[in-house]
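Here are the chains, one letter per residue:
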Amino acid sequence: MPKLGVNIDHVATLRQARGTVYPSVQDAAACCERAGAAGITVHLREDRRHIQDADVYALQKALSIPLNLEMAVAEEIVRIALDVCPVEVCLVPEKRAELTTEGGLDAAGTLATLGPVVARLRDAGIIVSLFIDPDEAQIDAALAVGAPVVELHTGCFCDTQGDAAEEELARLIQAAKYGARHGLRINAGHGINMGNIAEVMRVPHLDTLNIGHSIIARAVFVGLEAAVEEMRVAIESVT
């Protein structure tokens, strides 16, 4: 059964909007854990627009479920990851002007840069994942650099409808099968919500679904524990 990882970046977004100490990302993580989340994801961006360095250290200390640290291939952030040693790191592309991650990492085009970073993280005992588009060339690149996990970017599927959505879903299914056949663990995330989760669950071999924005948005109306539980139950009901 696929597990639910909850991204709590936007709890920090709300906090940073006023420069207060609340809402607490540690309290948010505890709520997610009580509701059955299997892991917590945070993205430590180079511009520190939401999650801060101190959040990462505090979460790693407080959590009893795995911390998944999303990060760019940037030396400053790599050093923090090596110091914190979360259970998992997911390497993602990053642009200062983007509202959210706009696509998958071009692993195939950055092998020379990516390989040494993956090796350093793995040598520290960290599980390394690459956030990639559902493309066999990118999966081959993940294999080439020794990343044991890929997180398939579901955003293109989640943002389309009709025939285009079916085409994107077919790409995800094919990529998941290809990656699993080559021994990779398959995660997925971006844009997943209660309206499309049943379709996303048609993708085979899924280990973890990392979901953030839709859960935090739903929490405004029903509370965070309830929003996490709703998504967890939705995943379990499909399987």
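Just above, that's the structure.
Turning our attention to the overall build of the protein. For the protein, the count of helices and strands is eleven helices and eight strands. Reported as C-alpha extents along the three principal axes, the dimensions of the protein are approximately 45 × 40 × 35 Å. Taking all contacts inside the protein whose residues are at least 6 apart in sequence as the whole, residues at least 24 apart take part in 67%. On the protein, roughly 10,600 Å² of surface is accessible, and the fraction owed to carbon and sulfur atoms is 52%.

Strand order around the closed barrel formed by eight strands is β1-β2-β3-β4-β5-β6-β7-β8, with parallel pairing between neighbours. Ignoring strand direction, the axes of neighbouring strands in this sheet form an average angle of 25°. Summarising the sheet, strand β1 (residues 3-7) and strand β2 (residues 39-43) pair through three bridges and their orientation is parallel. The residue of β2 that forms the bridge with Val6 is Ile40. Contacting β4 (88-91) and β5 (127-132), helix α5 (residues 111-123) crosses the sheet at an angle of about 170° to β4.

Ile8, Leu91, Leu130 and Leu209 are the most contacted members of the largest nonpolar core, which has 78 residues in total. Every residue in contact with Leu91, bar those within four places of it in the chain, is listed here: Met71, Ala72, Val73, Leu105, Leu114, Val117, Val118, Leu121, Val128, Ser129, Leu130 and Phe131.

A few words on the pairing of strand β6 (residues 149-153). Along β6, five of the five residues are buried, which leaves the element largely enclosed by surrounding structure. Of the two faces of β6, the one holding Val149, Glu151 and His153 and the one holding Val150 and Leu152 are both buried throughout. Bridging between β5 and β6 involves four bridges; their strand directions are parallel. Among the inter-strand pairings, Leu130 is bridged to a residue of β6, identified as Val150. After leaving β5, the chain enters helix α6 (residues 136-145) and then returns to the sheet as β6, a path that is right-handed. Sheet topology note: the β6/strand β7 (residues 185-189) ladder contains five bridges and is parallel. Counted as the bridge partner of Val150 is Ile186 from β7.

Quick notes on the rules
Residues numbered from 1 in each chain as written. Predicted model: local features only at pLDDT ≥ 70, side-chain atom pairs only at ≥ 80, totals over all residues. Heavy atoms only, no water. Helix = DSSP H or I, 4+ residues; strand = E, 2+ residues; numbered from the N terminus. Contact = heavy atoms within 4.5 Å. Areas by Shrake-Rupley, 256 points an atom, 1.4 Å probe, with all protein chains shown as cover. Pairing = 2+ DSSP bridges. Axes fitted to C-alpha atoms, helices over the stretch in contact; angles between N-to-C directions. Core = buried A, V, L, I, M, F, W, Y, C linked by side-chain atoms within 4.5 Å. Buried < 20%, exposed > 50% of the residue type's maximum accessible area, 1.4 Å probe, protein only. Right-handed = clockwise from strand over helix to strand, strands pointing away.

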